[in-house]
Amino acid sequence: MKMVYTHENYFIVSNVKNIIDAQGIKTFVKNEFSQSAVGELSATDSWPEIWVFDDADFDNAVAIIATLQVDSKAVDWTCENCLEKNSSAFELCWSCQHELPE
């Protein structure tokens, strides 16, 4: 068994776990309920962790996680159709549904 991911936010960990599991890789969450121990343990020691059961799945799980990382270089964009400003997270204009220009 190997740890493939950890984060302070359980909801993010749960989402990443579900995406890895959907690819057929068996995982489990360690420290799922240890957040209440912060103060007795260091904060990072109580973060939820995703572990793979089979060491052979480690590289595939890490590759899946790498594809989920947000591109920090993404910038907001202005719609050519309605001139509305859109967050970089949108591929369609939230106002008029015009596509992001390439």
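Relevant structure appears above.
The structure presented is a predicted model; accordingly, all values stated were derived computationally and were not measured.

All right, on to the packing of aromatic side chains then. What describes a pair of aromatic rings is the distance from one ring centre to the other and the angle between the planes of the rings. Taken as a whole, this structure holds 3 aromatic pairs when the rule is applied. Note on F28 and W51: the rings are 6.4 Å apart at their centroids and 25 degrees apart in plane angle, and the pair reads as stacked. Here the residue F28 occupies a position in strand 2 (residues 27–30), and W51 occupies one in strand 3 (residues 49–52), the gap between them amounting to 23 residues. By relative accessible area, F28 is classed as partly exposed at 23%.

Along an α-helix, residues three or four apart share an orientation, since each turn contains 3.6 residues. The end-to-end C-alpha separation of helix 1 (residues 10–22) is 18 Å, in line with the 18 Å expected for 13 residues at 1.5 Å each. When helix 1 is considered as a whole, its buried residues turn out to be V13, V16, K17 and I20. The buried residues of helix 1 occupy an angular sector of 105 degrees when projected down its axis, which confines them to one face. For helix 1, the exposed residues lying more than 90 degrees away from the buried face are F11 and A22. The elements touched by buried residues of helix 1 are strand 1 (2–6), strand 2, strand 3 and helix 2 (58–68). Where helix 1 ends, the next residue or the one after it, G24, has phi of about 85 degrees, a positive value.

This structure, assessed with the given rule, holds 0 disulfides. Free of any disulfide, C93 has its nearest cysteine sulfur in C82, 3.6 Å distant. With relative accessibility at 1%, the residue C93 sits in the buried group. Summary of cysteine pairing: C96 is not part of a disulfide, and the nearest cysteine sulfur, belonging to C79, is at 3.6 Å. A relative accessible area of 27% means that C96 is categorised as partly exposed.

So, about the packing of helix 1 against helix 2. Here helix 1 crosses helix 2 at 125 degrees, and the two axes come no closer than 10 Å. In terms of orientation, helix 1 and helix 2 fall into the oblique class. Here helix 1 runs over helix 2; the crossing is right-handed. Residues V16, I19 and I20 of helix 1 lie in contact with helix 2, whose contacting residues are A61, I64, I65 and L68.

Conventions used here
Residues numbered from 1 in each chain as written. Predicted model: local features only at pLDDT ≥ 70, side-chain atom pairs only at ≥ 80, totals over all residues. Heavy atoms only, no water. Phe/Tyr/Trp six-rings, centres within 6.5 Å; stacked < 30°, edge-to-face > 60°. Helix = DSSP H or I, 4+ residues; strand = E, 2+ residues; numbered from the N terminus. Buried < 20%, exposed > 50% of the residue type's maximum accessible area, 1.4 Å probe, protein only. Expected span 1.5 Å × (residues − 1). Arc of directions from axis to C-beta. Contact = heavy atoms within 4.5 Å. Disulfide = S-S within 2.5 Å. Axes fitted to C-alpha atoms, helices over the stretch in contact; angles between N-to-C directions. Parallel < 35°, antiparallel > 145°, perpendicular 65-115°, else oblique. Left-handed = near helix turned anticlockwise from the far one by under 90°.

By themselves, these observations are geometric and do not establish any function.
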